[in-house]
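Residue-level listing of the chains:
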Amino acid sequence: MAIGKGPEVVTTYDAKTPLMRREEVIADPLARLERMMEIRHAEQKIRELHEEGLAWGSTHSCDGQEAVAVGIAAAVAPTDHVVGAHRGHGLGLALGLTPEQLLGETLGRSVGAVEGLGGSPHLVETSVGLVFTVTLMGAGIPIAAGLALAAEVQGSGRVAVAVFGDGSVNIGAFHEGLNLASLWKLPAVFVIENNHYGEFSRYDRTTAVEPLARRAEAYDLPWELVDGQDVDAVIAAVGAAVERARAGEGPTLLELRTYRYFGHSRSDRAPYRPEGELEAWRARDPIRILGERLEAVGMVDADALAEIDERCRERIEAAAAHALASPVADPGAMFRHVYPEPNR
Amino acid sequence: MARLRMNQAIGAALADAMAEDPTVVVFGEDVAAAGGVFKTSVGLLERFGPERVRDTPISEMAIVGTAVGAAMGGLRPVAEIMFADFFGVALDQVVTQGALVHYLTRGAVTVPMVIRSSVGAGRGFAATHSRTVEEWFLSAPGLKLVEVSGARTAYGLLRAAVREEGPVVVLEPRALYGTREEFEPGDDAVIPLGVAEVRREGADATVVAVGQTVGIASEAIERLDASIELIDLLTLRPWDVETVLASVARTGRLALVEEHPFTGGWGPEVASRVGQELFGELTSPILRITAPDVPVPFTRDLEFRYLPTAEYVAAQLGRWLETDTLPSPWWERIGEEV
């Protein structure tokens, strides 16, 4: 097997492994709400750590996009393979990565998901299928096609999922990967997480097609435009695409329409947004949508919501404290794993 | 013993690797039904079936990216990029994705993929289909790079590359596809990566060559009345520093015969390392016999002027050995009597 066991998972605040965390999200709507709140707190904390000068380097926050991450995690099996992209804190936590692994990685500590050697944009946790995170636009699309090819040749029943942003639909890898995956009818799902901005440019200023998922028609693939603020809509669409892939009916292209509350990266204050756009999207906040839905059916009340939110805040604070108290990898770490050990 | 053309040897290596390991799959442009434009995969589709032997669209980024993903997922893909110049549209997947997966996953995910490609001048394919482009891969941590020099090394290195746990780029001088060599294919013919071969022994100078310049250098040395050691580097990353240093320490002289232009490539890497390690022990300056810093010309006479020919290599080596000073390259003597 090319995908083996990663570095040992650190002891977590609530003693849950990534797989346990993932199973909660798959099974329980309340756990999905809690994970979305956890993601929001993690992004808030990471910004604070940067503002306090405690964190270093590049980071991309996904506040506002939590339903996309958690919906995908709930619809995809932990044995399936997911290739993420650079704005991946939410997807990582949703798939099962622990807050300790995320905070450790963003702070460059050896307790991070990849020992602090990858950083905020390179989260990996193979025990829940997050096998790689790419930061070059669209690069994960042909890689997911390859993972799907392996699943097909081996008859493993696995599905490969590539998650990428609206900034990835105009690069060659997108078109080449979609064409090959369609031609070979591979068990793959391609998810455009359209948060409206590729770096500083709104998607409709850079792409000739609306909606973006209509690109699928060029490759004879089914597509769907989905409300990415509604976690249940995401689960339904991704779930159907996964089942289609698993049944041997080939790939699907999904566009999950969402919104990035903050700038592209730390230094970007997003002055390019049209007036009122952010406020309009904040009015459709994914955490509030799910919270109200669960409240309406009596699964939570205001007190319970506040309690869950506080629990998430504490968990993230504890993870940050744990990471800050942890050592940076020794210089020898940079020499390890550049090449694999020969096995025969 | 079999007497195989280099393209047949490559086909034999692919067939043997596929027979040995059911996870080996082969894909690329026209590699299946047509058996490869250079006939390097003839008969594989018939023998191993369409699941494991696939034609792809003309789509290099998809070819390499799919190979990366397939390798991550547990297969051992051997993908073909028809001409190495085409790596230009797929380089991200080779050096930025495939080469870094193992490092960025801290060893949790391996990429046992091989990308084969034809390289080099001498076949009239013109400027955009004739480069050797080794330099695109030399500076890529995580990647291994080999360049074969004939049927035997093509077979042996390809078999070894398929068994590697990490990504390997295998470059095949296309001018040699039709050349024959006698050897016995099989496990004993596997050539480990990272090990150079001393092709002939000598005492007065060490010549290091790669790919099609191995044969050219060998022919040149035969024309000279001198005791020259010839080393075929075979693996360019990581290259066999030990064998080269040991030889030059004995002979006191190093010449490199490089197909690529003067600037960049494997030659400067070897020259600088030997210069650093053996400064003071060298009895003459390191000689680099290379192509000029220009695109590969099309017209036949100029293409073979561009390439270091046996005649030119012999002349340069002869002057160097005679005077212990560097002869100027031919392009600095245009208009003079050569």
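All values reported here derive from a predicted model rather than from experimental measurement.

This part is about the sheet that holds strand E7 (residues 223-227) of chain A. Residues and elements named next belong to chain A. What the 6 strands build is an open sheet, ordered E2-E1-E3-E4-E8-E7; its pairing is parallel. Pairing within the sheet leaves two strands with one partner each, and these edge strands are strand E2 (130-134) and E7. The sheet shows a mean angle of 20° between the axes of neighbouring strands, taken without regard to direction. Pairing geometry for E7 and strand E8 (residues 252-257), over 5 bridges, is parallel. Bridged to Asp-227 within E8 is Arg-257.

This part covers the environment of Ala-188 of chain A. When you line up the elements, Ala-188 of chain A lands in strand E4 (residues 188-194). For the pair Ala-188 of chain A and Val-300 of chain A, spaced 112 residues apart in sequence, the C-alpha separation works out to 36 Å.

Each partner contributes to the interface: chain B provides 39 residues, whereas chain A provides 45 residues. Within the residue set of the side of chain B that touches chain A, elements represented by two or more residues are helix H3 (60-72), helix H4 (91-98) and helix H5 (101-104) of chain B. With 10 residues, H3 of chain B is the largest single contributor of residues to the side of chain B that touches chain A. Looking at the side of chain B that touches chain A residue by residue, the classes come out as 18 nonpolar, 16 polar and 5 charged.

Counting residues in hydrophobic clusters, the biggest one holds 202 residues, and the most contacted among them are Ile-72, Val-238 and Leu-254 of chain A. A domain split of this core shows at least three residues from each of domain 1 (2-189) and domain 2 (197-332) of chain B. The residues touching Ile-72 of chain A, leaving out its near neighbours within four places in the chain, are Leu-91, Ala-94, Val-161, Val-163, Val-191, Val-234 and Val-238 of chain A.

Moving on: the domain arrangement of chain B. All names here are of chain B. Partitioning chain B into domains gives domain 1 (2-189) and domain 2 (197-332). The distance between the C-alpha centroids of domain 1 and domain 2 comes to 27 Å. Facing 26 residues of domain 1, the contacting portion of domain 2 comprises 23 residues. Sorting the residues of the side of domain 1 that touches domain 2 by element identifies helix H6 (135-138), strand E6 (144-147), helix H7 (151-163) and strand E7 (168-173) as the ones contributing at least two each. For the side of domain 1 that touches domain 2, the leading source of residues is E6, giving 4 residues. Looking at the side of domain 1 that touches domain 2 residue by residue, the classes come out as 14 nonpolar, 7 polar and 5 charged.

This part takes up the sheet that holds E7 of chain B. Residues and elements named next belong to chain B. Sheet architecture is open: 7 strands sit in the order E3-E2-E4-E5-E7-E6-E12, paired in mixed fashion. Each of the sheet's edge strands pairs with one partner strand only, and the pair in question is strand E3 (53-55) and strand E12 (235-237). Each strand of the sheet is rotated relative to its neighbour by a mean of 20°, with strand direction disregarded.

This next bit is on helix H5 (residues 99-106) of chain A. All names here are of chain A. H5 sits mainly inside the fold: 8 of its 8 residues count as buried. Those residues of H5 lying buried are Pro-99, Glu-100, Gln-101, Leu-102, Leu-103, Gly-104, Glu-105 and Thr-106. Buried residues in H5 make contact with helix H2 (29-51), helix H4 (89-95) and helix H11 (302-324).

Turning to unusual backbone geometry, a few remarks are in order. Going from Glu-210 of chain A to Pro-211 of chain A, the amide bond is cis rather than trans, its omega being -10°. Cis peptide bonds are those with omega within 30 degrees of zero, and the linkage from Arg-237 of chain B to Pro-238 of chain B qualifies with -5°. Within the element layout of this structure, Pro-238 of chain B appears in the loop between E12 and helix H9 (241-251). Although it is not a glycine, Glu-199 of chain A adopts a positive phi angle of roughly 50°. Within the secondary structure, Glu-199 of chain A is located in the loop between strand E5 (197-198) and strand E6 (201-202). Glu-199 of chain A gets classed as partly exposed once you count the C-beta atoms within 10 Å, which come to 13. Of note in this structure, Arg-106 of chain B is not a glycine but carries a positive phi near 50°.

Definitions and cut-offs
- One numbering rule holds for all chains: residues counted from 1, following each sequence as written.
- All chains are assigned letters beginning at A, and all ligands numbers beginning at 1, according to the order in which they are written.
- This being a predicted model, a pLDDT of at least 70 is required before a residue's local features are given, and a value of 80 or more before pairs of side-chain atoms are given or counted; all residues contribute to the totals for chains, interfaces and linings.
- At least two DSSP bridges between two strands are needed for those strands to be called paired.
- Only runs of H or I of at least four residues qualify as helices and only runs of E of at least two qualify as strands under DSSP, and these elements are numbered from the N terminus.
- Orientation is described by lines fitted to C-alpha atoms, with helices fitted over the stretch in contact, and by angles between N-to-C directions that extend from 0 to 180 degrees.
- Contact between two residues is assigned when their C-beta atoms, built from the backbone, lie within 7 Å.
- All residues other than Ala, Val, Leu, Ile, Met, Phe, Trp, Tyr, Cys, Pro, Asp, Glu, Lys and Arg, Gly among them, are scored as polar; the first ten of these are nonpolar and the last four charged.
- Here, a nonpolar core denotes buried Ala, Val, Leu, Ile, Met, Phe, Trp, Tyr and Cys residues that are linked to one another through C-beta atoms within 7 Å.
- Three exposure classes are used, all based on how many other C-beta atoms lie within 10 Å of a residue's own C-beta (placed from the backbone): buried at 20 or more, exposed at 12 or fewer, and partly exposed between those limits.
- Where each domain begins and ends follows an automated or database-derived domain assignment.

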